[in-house]
Amino acid sequence: MIDGGFRKNTVNVICGGPGAGKSTFAIQYILHNLNRNHPGLLISFEMSEKQIIQDCLSLGFFEIEEHIENGSLTILHFFGEDLVFPPLDFIQDIREVIKGGEDVLISIDPFTYLTLFMDETERKFLSMIFQELREIGTTVVTLEENKNGSPVTLLPLYLADSVICLEDIGMGELYNRTLKIVKTRGARHGEGLYPYSIENGVGIVVEATMGQKSRIIAKRDFDDVFDEEIGKIARSEDPLAPKVSRKLEVLKDNWVRDSDPRDLIDLVIRTELGSL
């Protein structure tokens, strides 16, 4: 559903209401990568390390104890009410824990506390915090939503590189819980509503059909159509021709539709070059 997963050195927001599975997502993300030899840092503003371990064991994530013992996973527990502004000590604590390590994966659950006590002026520093997190590693942060489906904080979601919303409707049917990918900067993503469940031993399981998955996989069925038009542009003497050719090359490599691209190609050519 996200072409290639979270990009390296990005900040990715998971938002949802109580019981939607935000914490499960954050822990599952870390453990999935720990099992593939990527070091992880789990920061909690709600649960202590002991509580996190208990929750993981109840979900069947038994490997968490092994990762803590061998030092590949570090858990930090902060009290949100004790944070001071600007929360530079929070960033410094992260840097001290990772000790300059690279490719560190971070989960912050919930990020809500970092914005809850900030006024409008102080929230401007969130951009700085996000940039610091990008320099440190790849981060997943969770945000609490209210009953209206909007974050209880005023965190500008445009600061995030990707935003995924989890919703627990509570009706007990197929779409009891749904996942929606709001944005993924620099990557393709699915655009539907995806039902998901939370299963012991596995965590969050998203139920996407093959048709839904195919919508983010580039189609090669029309390469000859693109190549033909790119060849025509290459023979043009228009100084913009090389740039338009490059645009169509990118479009070809990212064409996920089942429909013929000729109309769109024609529109691009007429808009950029007038005609051939």
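Our subject is the structure listed above.
For the structure given in this document, a descriptive report is provided here. The residue count restarts for each chain, going from 1 along the sequence in the order it is written. Per-residue local features of the predicted model are confined to residues with pLDDT of at least 70, and side-chain atom pairs are confined, for both listing and counting, to 80 or more; whole-chain, interface and lining totals are unaffected and use all residues. Heavy atoms throughout the structure, all of them, feed into the side-chain values; hydrogens and water do not.

1. Observations concerning the sheet that holds strand β2 (residues 40-44)
To keep it simple, the criterion reads: Two strands make a pair as long as DSSP finds a minimum of two bridges between them. Each helix corresponds to a stretch of at least 4 residues labelled H or I by DSSP, and each strand to a stretch of at least 2 residues labelled E; elements are numbered beginning at the N terminus. Note on method: axes are straight lines fitted to C-alpha atoms, helices fitted across the in-contact stretch only, with angles between N-to-C directions ranging 0 to 180 degrees. The contact criterion used is simple: two residues touch if any of their non-hydrogen atoms lie within 4.5 Å.
Pairing within the open sheet is mixed, and its 9 strands lie in the order β3-β2-β4-β5-β1-β6-β7-β8-β9. Of all the strands in the sheet, the pair left with one neighbour each is β3 (73-77) and β9 (203-206). Pairs of neighbouring strands in the sheet enclose a mean axial angle of 25°, with direction left out of account. Pairing of strand β8 (residues 193-199) with β9 involves 4 bridges; the strand directions are antiparallel. Counterpart to serine 197 in the pairing with β9 is valine 205. Running at roughly 165° to strand β4 (residues 104-109), helix α1 (residues 22-34) makes contact with β1 (11-16), β2, β3, β4, β5 (137-144), β6 (162-168), β8 and β9 of the sheet. Most of the contacts of helix α6 (residues 126-136) go to β5, to which it runs at about 140°, and overall it touches β1, β4 and β5.

2. Let's talk about the nonpolar core
Selection rule: Throughout this description, the term nonpolar core refers to a set of buried Ala, Val, Leu, Ile, Met, Phe, Trp, Tyr and Cys residues connected via side-chain atoms within 4.5 Å. Note on exposure labels: buried denotes an accessible area under 20% of the residue type's maximum, exposed denotes more than 50%, and partly exposed covers the range between, all computed with a 1.4 Å probe on protein chains only.
Counting residues in each nonpolar core, the largest one holds 28 residues, and the members touching the most others are Ile43, Phe90, Ile94, Ile106, Ile108 and Phe111. Contributing elements (two or more residues each) for this core: β1, β2, α4 (88-98), β4, α6, β5 and β6. With 5 residues, α6 is the largest single contributor of residues to this core. Counting 26 residues, the second largest nonpolar core, distinct from the first, contains Tyr29, Met47, Leu59 and Ile64.

3. A few points about the packing of helix α8 (residues 223-234) against helix α10 (residues 262-273)
For the record, the criterion: Roughly parallel means an angle under 35 degrees; roughly antiparallel, over 145; roughly perpendicular, 65 to 115; everything else is oblique. By definition, any crossing whose near helix is turned counterclockwise from its far helix by less than a right angle is left-handed, and any crossing with a clockwise turn is right-handed. For this scheme, ten residues count as nonpolar: Ala, Val, Leu, Ile, Met, Phe, Trp, Tyr, Cys and Pro. Four count as charged, namely Asp, Glu, Lys and Arg, and the remainder, Gly too, count as polar.
Between α8 and α10, the least distance of the axes is 10 Å, while the angle of their chain directions is 20°. Taken together, the axes of α8 and α10 lie roughly parallel to each other. Here the hand of the crossing between α8 and α10 comes out right-handed. Between α8 and α10, the contacting residues are Val225, Phe226, Glu229 and Ile233 on the first element and Arg262, Ile265, Ile269 and Leu273 on the second. For the contact of α8 with α10, the per-class residue count stands at 6 nonpolar, no polar and 2 charged.

4. Here we look at the side chain of threonine 178
Structurally, threonine 178 is set in strand β7 (residues 177-184). The class for threonine 178 is buried, based on a relative accessible area of 4%.

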